[in-house]
Amino acid sequence: MSNENAQPDERPVDPEKPSVARAYDWFLGGSTNTPIDRAFAERILEILPPAKTMAVDNRNFLRRVVTHLVDRGVRQFIDIGSGIPTVGNVHQVARALDPDVKVVYVDNDPVAVTQSRLLLHDDSDTTVIDADLRDPDTILAASAARQLLDFDQPIALLMIAVLHFVPDRDNPAGILAAYRDRLPAGSYLALSHLTDETAPADLRDQVRACIDTYQNSASPLVARGRRTITDWLDGLHLIPPGITVANRWNPDDDAPDGPEHDLVIAGLAQLPA
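Residues numbered from 1 in each chain as written. Predicted model: local features only at pLDDT ≥ 70, side-chain atom pairs only at ≥ 80, totals over all residues. Heavy atoms only, no water.

Engineer: Help me understand the overall build of the protein chain in this model?
Structural biologist: Looking only at helices and strands, the protein chain features ten helices and eight strands. Rg of the C-alpha trace for the protein chain: 18 Å, near the compact-globule value of 19 Å for 273 residues, within the 12% margin. Here the protein chain, with 273 residues, has 53% of them falling under the buried criterion. With an accessible surface of roughly 11800 Å², the protein chain has 49% of that area assigned to carbon and sulfur atoms. (Helix = DSSP H or I, 4+ residues; strand = E, 2+ residues; numbered from the N terminus. Rg over C-alpha atoms; globule rule 2.2 N^0.38 Å. Buried < 20%, exposed > 50% of the residue type's maximum accessible area, 1.4 Å probe, protein only. Areas by Shrake-Rupley, 256 points an atom, 1.4 Å probe, with all protein chains shown as cover.)

Okay, structure coming up:
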């Protein structure tokens, strides 16, 4: 693995503080979490009961979109806001189809970065970058990414369940445009996002309560609709079925349905070749 995974200045991790990344791991049935994280996750479920369902829907979309991309010949991935790479993450899904796939994981959560580097220490075809998604120059110019990936070939950039932590004041459309301008021709951009656009009143109230809880945090939560996400991807080729409810994007035969699954929208787009 790239030496960027062994930085001497890694930020310290407080074992007594719950981690969003480890709580998400618990939602997915993983084991990289602590009792403190599980208690935190259960508090989230009290505010937004479908939170666990949403985590699973996001992960299932990730699995299907990575499978789709590998089938289309993509062998390079950048996963931004990757969390802890366990329970069906990008390299696991992709390498079940092709063992030569290369993956750059990016996160700015010190727990996610530290755990990822420990888990992937012996994997020479992955690397982990400690960076904020709002800084595309730092991420795409990082030596670890440049050493691992071929920037003359298409790259799949994944932003799964992360852009809803970017408020409008940070210009998410501009951030996406910056990535688009720096990726090779023919690359792909996949994203999923929190929405309450089609939710019934009771679920919409739960989403709003969750948003209110995050309002004064370092990562305020924002729900957005399909039109906004589609506008962000203007000028790219939207892969059918376009921006839709995540578990209806090229769904599995036994895909679940119901209003609790309508809180995540997702899509995949390709840059012009």
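Engineer: Would you mind going over the pattern of salt bridges with me for this structure?
Structural biologist: A side chain with one charge can pair with a side chain of the opposite charge if their charged atoms come near. In the structure shown here, the tally under the stated rule is 14 salt bridges. Two residues, Asp137 and Arg182, come together in a salt bridge whose shortest N-O distance is 2.5 Å. Taken together, the residues Asp137 in helix H6 (residues 136-141) and Arg182 in helix H8 (residues 172-182) connect sequence positions 45 residues apart. Among the residues examined, Asp137 registers a relative accessible area of 43% and is labelled partly exposed. Taking the relative accessible area as the measure of exposure, Arg182 reaches 36% and is therefore partly exposed. (Salt bridge = Lys/Arg side-chain N within 4 Å of Asp/Glu carboxyl O.)

Engineer: Help me understand the side chain of Thr244, please; the structure alone is not making it clear to me.
Structural biologist: Structurally, Thr244 is set in strand S7 (residues 244-245). Owing to a relative accessible area of 12%, Thr244 belongs among the buried residues under this scheme. Once residues within four sequence positions are removed from consideration, Thr244 is found in contact with Arg226, Trp249, Val264, Ile265 and Ala266. (Contact = heavy atoms within 4.5 Å.)

Engineer: Could you clarify how one ought to interpret the environment of Met159 in this entry?
Structural biologist: Within the secondary structure layout, Met159 lies in strand S4 (residues 156-160). The class of Met159 is buried, set by a relative accessible area of 0%. Sequence spacing of Met159 and Leu191 is 32 residues, and the spatial spacing of their C-alpha atoms is 4.6 Å. Beyond its immediate stretch of four places on either side in the chain, Met159 contacts Ile80, Leu176, Tyr179, Ala190, Leu191 and Ser192.

Engineer: For this particular structure, what's the right way to read the pairing of strand S5 (residues 188-194)?
Structural biologist: Put simply, side chains in a regular strand alternate between the two faces of the sheet. Within S5, seven of the seven residues are buried, which leaves the element mostly enclosed by the surrounding structure. Burial of the side chains of S5 extends over both faces: Tyr188, Ala190, Ser192 and Leu194 are buried on one face and Leu189, Leu191 and His193 on the other. With five bridges connecting them, S4 and S5 associate as parallel partners. Bridging from a neighbouring strand, Leu157 pairs with Leu189 of S5. What joins S4 to S5 is H8, and the crossover it makes is right-handed. Note that S5 and strand S8 (residues 264-270) share seven bridges and pair antiparallel. Paired with Leu194 across the bridge in S8 is Val264. (Pairing = 2+ DSSP bridges. Right-handed = clockwise from strand over helix to strand, strands pointing away.)

Engineer: I tried to follow helix H2 (residues 35-47) on my own but got confused; where do I start?
Structural biologist: Since the α-helix turns once every 3.6 residues, residues separated by three or four places project in the same direction. For H2, which comprises 13 residues, the first-to-last C-alpha distance of 19 Å matches the rise-based estimate of 18 Å (1.5 Å per residue) to within 8%. Of the positions making up H2, those classed as buried are Asp37, Phe40, Ala41 and Ile44. Projected onto a plane normal to the axis of H2, the buried residues spread over an arc of 100° and lie on a single side. Exposed side of H2, more than 90 degrees from the buried face: Pro35 and Glu46 are the residues found there. Lining the buried residues of H2 we find helix H1 (20-27), helix H3 (51-71) and helix H9 (201-214). (Expected span 1.5 Å × (residues − 1). Arc of directions from axis to C-beta.)

Engineer: I'm lost on the nonpolar core in this one. Help?
Structural biologist: Generally speaking, soluble globular proteins have nonpolar side chains that are buried together. In terms of nonpolar packing, the biggest core is built from 49 residues, with Val65, Val66, Leu69, Phe77, Val90, Leu158 and Leu268 touching the most fellow members. Per-element accounting of this core gives the leading share, nine residues, to H3. (Core = buried A, V, L, I, M, F, W, Y, C linked by side-chain atoms within 4.5 Å.)

Engineer: Even after reading the chapter, I still don't get the environment of Ala161, so can you show me in this structure?
Structural biologist: Take Ala161: it is sitting in the loop between S4 and H8. On a C-alpha basis, the gap between Ala161 and Thr34 in space is 22 Å, while along the polypeptide they are 127 residues apart. Filtering out sequence-adjacent residues up to four positions away, Ala161 remains in contact with Tyr24, Asn58 and Ser192.

Engineer: What is the right way to look at the environment of Asp150 in this model?
Structural biologist: Along the chain, Asp150 falls in the loop between helix H7 (143-148) and S4. Not counting the four nearest positions on each side in its chain, Asp150 is found in contact with Gln76 and Ile155. There is a polar contact of 2.9 Å between the side chain of Asp150 and the backbone nitrogen of Asp152. (Polar contact = N/O pair within 3.5 Å; in protein donor to acceptor, adjacent residues only side chain to side chain.)

Engineer: Help me out: how do you make sense of the packing of aromatic side chains in this one?
Structural biologist: Remark: the centre distance and the inter-plane angle together describe each pair of aromatic rings, the angle taken between the planes. Using the criterion set out here, one finds two aromatic pairs in the structure. Each ring, one from Trp26 and one from Phe27, has its centre 5.7 Å from the other, and the planes form 50°; the classification is tilted. In this structure, Trp26 and Phe27 share a single accessibility class: buried. Each ring, one from Phe61 and one from Trp249, has its centre 5.4 Å from the other, and the planes form 85°; the classification is edge-to-face. Taken together, the positions of Phe61 in helix H3 and Trp249 in the loop between S7 and S8 put the pair 188 residues apart, joining distant regions of the chain. The burial state of Phe61 is the same as that of Trp249; both residues are buried. The ring of Trp26 has Lys52 sitting right over it, with the charged end atom 4.9 Å from the ring centre. (Phe/Tyr/Trp six-rings, centres within 6.5 Å; stacked < 30°, edge-to-face > 60°. Lys NZ or Arg CZ within 6 Å of the ring centre and 35° of its normal.)

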